[in-house]
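Secondary and tertiary structure notes
These are the residues of each chain, in order.
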Amino acid sequence: PDPVTVEKRNLEVEKTVVNQPEDGDAYQAGEEILFAVTVENTGNVNLTGITLTDKMIGTGTEAVAVNVTRDENGALSTDADGKIVTTPVAGGHGAFDLEAGKSTVLYYSYTVQEDDLKAAGAAAIKNTVRAEASDGTTGTDETGDLDIGEKRPDYTVRKEITSIGTAEGGRY
């Protein structure tokens, strides 16, 4: 008899943060967080109509689908300030198909809002992504906590004694 092939349907999803906070510590209001989402069909059946839902936890909004460009060396293109250049994708990335064993990378962006910082006890936000094919095959992933915070000026206070006296009558 002919061997029987069992269909295996599976989507693996990996979400990574592409850029770090500008201050190296926490993302600030107005700062963009860029996410790369890798979707891989690890099954042996082609999957069609795959859609992604990308939500920010702790903000009540979704991340925005964006395109990135690469320079002649294959690195992500940056502007004069060293920030990765992104352009929004009108209507989102849309549904796509993946052959068995193939993968694709899509990008999403979120700009931290003042309201995120004002939320009760907000010190971090998370990002989750869910991929779902038209046949119901799913895969999910989420980032760990992404620290957010208010910009705080950095300063040092130095106190010096400039005169020494006996303080007669409260005066030096």
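Residues numbered from 1 in each chain as written. Predicted model: local features only at pLDDT ≥ 70, side-chain atom pairs only at ≥ 80, totals over all residues. Heavy atoms only, no water.

**Thoughts on the overall build of the protein**
A tally of regular secondary structure across the protein gives one helix and 10 strands. Tracing the protein from N to C terminus, the helices and strands come up as β-β-β-β-β-β-β-α-β-β-β. The burial tally for the protein puts 32% of its 172 residues in the buried class. Across the protein, every contact between residues at least 6 apart in sequence was considered, and the portion connecting residues at least 24 apart equals 68%. Taken as a whole, the protein presents about 11300 Å² of accessible surface, with 46% of it coming from carbon and sulfur. (Helix = DSSP H or I, 4+ residues; strand = E, 2+ residues; numbered from the N terminus. Buried < 20%, exposed > 50% of the residue type's maximum accessible area, 1.4 Å probe, protein only. Contact = heavy atoms within 4.5 Å. Areas by Shrake-Rupley, 256 points an atom, 1.4 Å probe, with all protein chains shown as cover.)

**Describing the sheet that holds strand β5 (residues 86-88)**
Across the sheet, five strands lie side by side as β1-β2-β7-β4-β5; this open sheet has antiparallel pairing. The strands lining the two open edges of the sheet, one partner per strand, are β1 (11-17) and β5. This sheet shows a mean twist of 35° between the axes of neighbouring strands, independent of strand direction. The pairing of β1 with strand β2 (residues 32-41) spans seven bridges and is classified as antiparallel. Paired with Val-17 across the two strands is Phe-35, which belongs to β2. (Pairing = 2+ DSSP bridges. Axes fitted to C-alpha atoms, helices over the stretch in contact; angles between N-to-C directions.)

**Looking at the pairing of strand β8 (residues 124-132)**
As judged from the seven bridges shared by strand β3 (residues 47-57) and β8, these two strands associate in the antiparallel manner. The residue bridging Leu-52 from the neighbouring strand is Ala-131, located in β8. With two bridges joining them, β8 and strand β10 (residues 146-147) adopt antiparallel strand pairing. Residue pairing for β10: Ala-124 is matched across the bridge by Asp-147. Note that β8 and strand β9 (residues 138-142) share five bridges and pair antiparallel. Opposite Glu-132, over in β9, you have Thr-138 as the bridge partner. Between β8 and the antiparallel strand that follows it, β9, lie five residues; Gly-136 among them carries a positive phi value of about 95°.

**Side note on the side chain of Asn-127**
Its place among the elements puts Asn-127 in strand β8. In this view, Asn-127 contacts Lys-15, Phe-35, Asp-54, Lys-55, Met-56, Ala-63, Asp-141, Glu-142 and Thr-143; residues no more than four positions away in its chain are not counted.

**Some points on the nonpolar core**
By size, the foremost hydrophobic cluster in this structure holds 27 residues, and its most contacted members are Leu-11, Val-39, Ile-50, Leu-52 and Tyr-108. If you list the elements that add at least two residues to this core, you get β1, β2, β3, β6 (96-98), β7 (103-111) and β8. Residues Leu-34, Val-66, Val-68 and Tyr-107 belong to the second largest nonpolar core, which totals seven residues. (Core = buried A, V, L, I, M, F, W, Y, C linked by side-chain atoms within 4.5 Å.)

**With respect to the confidence of the model for the protein**
Per-residue confidence for the protein averages 86 on the pLDDT scale, and 85% of its residues sit at or above 70. Predicted confidence in the protein is weakest over helix α1 (residues 114-118), with a mean pLDDT of 79, and strongest over β6, with 97. (pLDDT = per-residue confidence, 0-100.)

**Looking at the side chain of Asn-19**
On the secondary structure map, Asn-19 appears in the loop between β1 and β2. Classification of Asn-19 as buried rests on a relative accessible area of 19%. A polar side-chain atom of Asn-19 sits 2.8 Å from the main-chain amide nitrogen of Leu-34. (Polar contact = N/O pair within 3.5 Å; in protein donor to acceptor, adjacent residues only side chain to side chain.)

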